[in-house]
Amino acid sequence: MVVKINENYLKLESSYLFVEVARREAEFQKNHPDADIIKMGIGDVTKPLVPKVVEAFKSAVDEMAEADSFKGYGPEQGYDFLANAIIETDFKPYGVSLDTDEIFISDGAKCDTGNIQELFDLNNKVAVTDPVYTVYVDTNVMAGRTGFMNDDGMYDGLVYLKCNAENDFIPELPEEPVDIIYLCYPNNPTGTTLTKEQLKVFVDYARENKSVILFDAAYEKFINEDNVPHSIYEIEGAKEVAIEFRSFSKTAGFTGTRCAYTVVPKELKGYTEDGEEQSLNALWNRRQTTKFNGVSYPVQKAAEAALSKEGQEQIKEVIDYYMENAKVIRESLTDLGLQVYGGVSSPYIWVKTPNNMDSWAFFDLLLNEANVIGTPGSGFGPSGEGYLRLTAFNTLENTKEAMDRISKLDF
Ligand code: PLP
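It should be emphasised that the depicted structure is a prediction, and the values quoted were computed from it without experimental measurement.

Details of the UniProt feature "domain: Aminotransferase class I/classII large" (unreviewed entry) in the protein
Then step 1. In the numbering adopted here, UniProt assigns the feature "domain: Aminotransferase class I/classII large" (unreviewed entry) to residues 36-406.
Then step 2. The distance separating the terminal C-alpha atoms of residues 36-406 is 14 Å; by composition the span is 36% helix and 16% strand.

Below, the structure is given as structure tokens:
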């Protein structure tokens, strides 16, 4: 007898992208010890938690230090005080209330967007936009919903919805019928958005085909355009077909603090093999209560503070700071004659490589000649080839310096 592994894991491509970026950076630094490399590759925030959040966080830790106010296990779905703040801030207009039990607080949108596929049969057809936040793809590979990656850089069995400059980064509806569609808007990695009308096309498709949309709104707070929906539930009928994921990570600097939430509407149904309707909310509740034990009390108090009026004002200043960087990047690169996308309602700027360079060649050029690190677009999927992602999560000084160095390059 030997232990057999889940061989689906062997289908996964190694996490080539960030490992290779780190390897090239380390090699360059070794050969050029004095080079001052500016990192605009990784999508992590750099500004600290805002004062209102820190105050609530500390005070909740103090509560944990006293027998009278100490908290043990909390509800797996999260405390009502935070669910209520989430509802009041964002979801009340869509009929969500504490009584409807549609909010599930968690320690990250990465886990939630990765775990949600457990609710669905392995034979469902899954569509992702291309390029893509790779968690959606890899978790479906692990589950066994795909074959191996083919020569075109796509996993057999998955449907890829191309998003590039040719279609203005607006995915077309899948040609073959699909059951599950992952959408992420504002998008990581392209930084682009969909208007209400464009998102409605997908909601209507899902209603017609009884499909489910998994809508990742992790960058919602960065939206600066009027006709861009903050929630998929702004679209009529979306509660029948969509799960929405939100996170405090990028919006409130919680990447290291960990708090997110997922909205699973009661209207949303899946079906058994026999065509019997089942509530996805009930299934997710069962999944979470079995496999998850909730987010720590101080973190939930910190997240509640992030949603308070003062917290929101302080966070807005941080987001405005990042978005000023995004503007500097967009305007500087446009002035150089480069095509840039995103960066208006997102901290990501998606740059078309000059002279049809491939993504890695442009990456190397920026590293070697300007000592600036981006992320090659090809690492996010085949349609990312010929693009590079820059992020606005650096200091304004470094961002300006990086643009200054890039402006001196000869493309
Ligand atoms: N969803 C998208 C699109 C992301 O880009 C990220 C992080 O980069 C996440 C989810 C992960 O969020 P969290 O930190 O809440 O796990």
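Topic: a negative patch on the surface
Then step 1. A grouping of D121, E273, D274 and E276 is seen on the molecular surface, where their side chains present a negatively charged patch.
Then step 2. Residue position: E273 is located in the loop between β9 (269-271) and β10 (277-279).

Concerning the sheet that holds strand β7 (residues 242-247)
Working definition: the strands of a sheet are paired by backbone hydrogen bonds and lie parallel or antiparallel to each other.
Then step 1. Pairing within the open sheet is mixed, and its 7 strands lie in the order β2-β8-β7-β6-β5-β3-β4. At either end of the open sheet lies a strand with only one pairing partner, and these are β2 (103-106) and β4 (159-162). Ignoring strand direction, the axes of neighbouring strands in this sheet form an average angle of 20°.
Then step 2. Sheet strands in contact with helix α3 (residues 80-91) are β2, β7 and β8 (260-263), and its direction is about 120° off that of β2.

Describing the domain arrangement of the protein
Then step 1. For the protein, the assigned domains are domain 1 (11-48 + 311-407) and domain 2 (53-308).
Then step 2. Computed over C-alpha atoms only, the centres of domain 1 and domain 2 are separated by 26 Å.
Then step 3. Summed over both partners, the interface of domain 1 with domain 2 buries about 3,000 Å², with 61% contributed by carbon and sulfur atoms.
Then step 4. Connecting domain 1 to domain 2 are 15 residue pairs in polar contact (both at pLDDT 80 or more).
Then step 5. The set of elements that each furnish at least two residues to the side of domain 1 that touches domain 2 consists of α10 (309-335), β11 (340-342), β12 (348-352) and β15 (387-391).
Then step 6. Of the residues forming the side of domain 1 that touches domain 2, the biggest block, 6 residues, is contributed by α10.
Then step 7. Classifying every residue of the side of domain 1 that touches domain 2 by side-chain character gives 15 nonpolar, 11 polar and 4 charged.

Observations concerning the site of the ligand
Then step 1. Close to the ligand lie 14 residues; D216, Y219, S247, S249 and K250 are nearest.
Then step 2. Note that an oxygen atom of the ligand is positioned 2.9 Å from one of the backbone N or O atoms of K110.
Then step 3. In isolation the ligand has 400 Å² of accessible area, and contact with the protein removes 91% of it.
Then step 4. According to the grid-proximity analysis, the pocket containing the ligand is the largest pocket.
Then step 5. Elements with a contribution of two residues or more to the shell around the ligand: α4 (109-115) and α7 (249-252).

A closer look at the nonpolar core
Then step 1. Formed by 96 residues in total, the largest nonpolar core has its most connected members in I103 and F248.
Then step 2. Among the elements that line this core, the one with the most residues is α10, at 9 residues.
Then step 3. Two domains each put at least three residues into this core: domain 1 (11-48 + 311-407) and domain 2 (53-308).
Then step 4. When residues no more than four places from it in sequence are discounted, the contact partners of I103 are Q77, A83, I86, I87, F91, V96, Y261, T262 and V263.
Then step 5. The next biggest cluster of nonpolar side chains, apart from the first, holds 24 residues, and it includes F120, V141, Y182 and L268.

Some words on the UniProt feature "modified residue: N6-(pyridoxal phosphate)lysine" (unreviewed entry) in the protein
Then step 1. UniProt records the feature "modified residue: N6-(pyridoxal phosphate)lysine" (unreviewed entry) for K250 in the present numbering.
Then step 2. Here K250 is to be found in helix α7.
Then step 3. Residues contacting K250, with those up to four places away along its chain left out, are G43, V45, A218, Y219, F222, T255, Y348 and F393.
Then step 4. In terms of polar contacts, K250 uses its side chain to reach the backbone carbonyl oxygen of G43, at 2.9 Å.

Quick notes on the rules
Residues numbered from 1 in each chain as written. Predicted model: local features only at pLDDT ≥ 70, side-chain atom pairs only at ≥ 80, totals over all residues. Heavy atoms only, no water. UniProt positions renumbered as here; feature names shortened; annotations may be inferred. Helix = DSSP H or I, 4+ residues; strand = E, 2+ residues; numbered from the N terminus. Patch = residues over 30% accessible without salt bridge, like charges linked within 9 Å, V, L, I, M, F, W, Y side chains within 5 Å. Areas by Shrake-Rupley, 256 points an atom, 1.4 Å probe, with all protein chains shown as cover. Salt bridge = Lys/Arg side-chain N within 4 Å of Asp/Glu carboxyl O. Lys, Arg positive; Asp, Glu negative; His and termini not counted. Charge placed at Lys NZ, Arg CZ, Asp CG, Glu CD. Pairing = 2+ DSSP bridges. Axes fitted to C-alpha atoms, helices over the stretch in contact; angles between N-to-C directions. Contact = heavy atoms within 4.5 Å. Domains from an automatic or database assignment. Buried area = accessible area lost by both parts, 1.4 Å probe. Polar contact = N/O pair within 3.5 Å; in protein donor to acceptor, adjacent residues only side chain to side chain. Nonpolar A, V, L, I, M, F, W, Y, C, P; charged D, E, K, R; others polar. Near = heavy atom within 4 Å. 1 Å grid on protein atoms, 1.4 Å probe; cavity = no way out; pocket = protein on both sides within 12 Å on 5 of 7 lines; lining within 4 Å. Sits in = over half its atoms within 2 Å of the grid points. Core = buried A, V, L, I, M, F, W, Y, C linked by side-chain atoms within 4.5 Å. Buried < 20%, exposed > 50% of the residue type's maximum accessible area, 1.4 Å probe, protein only.

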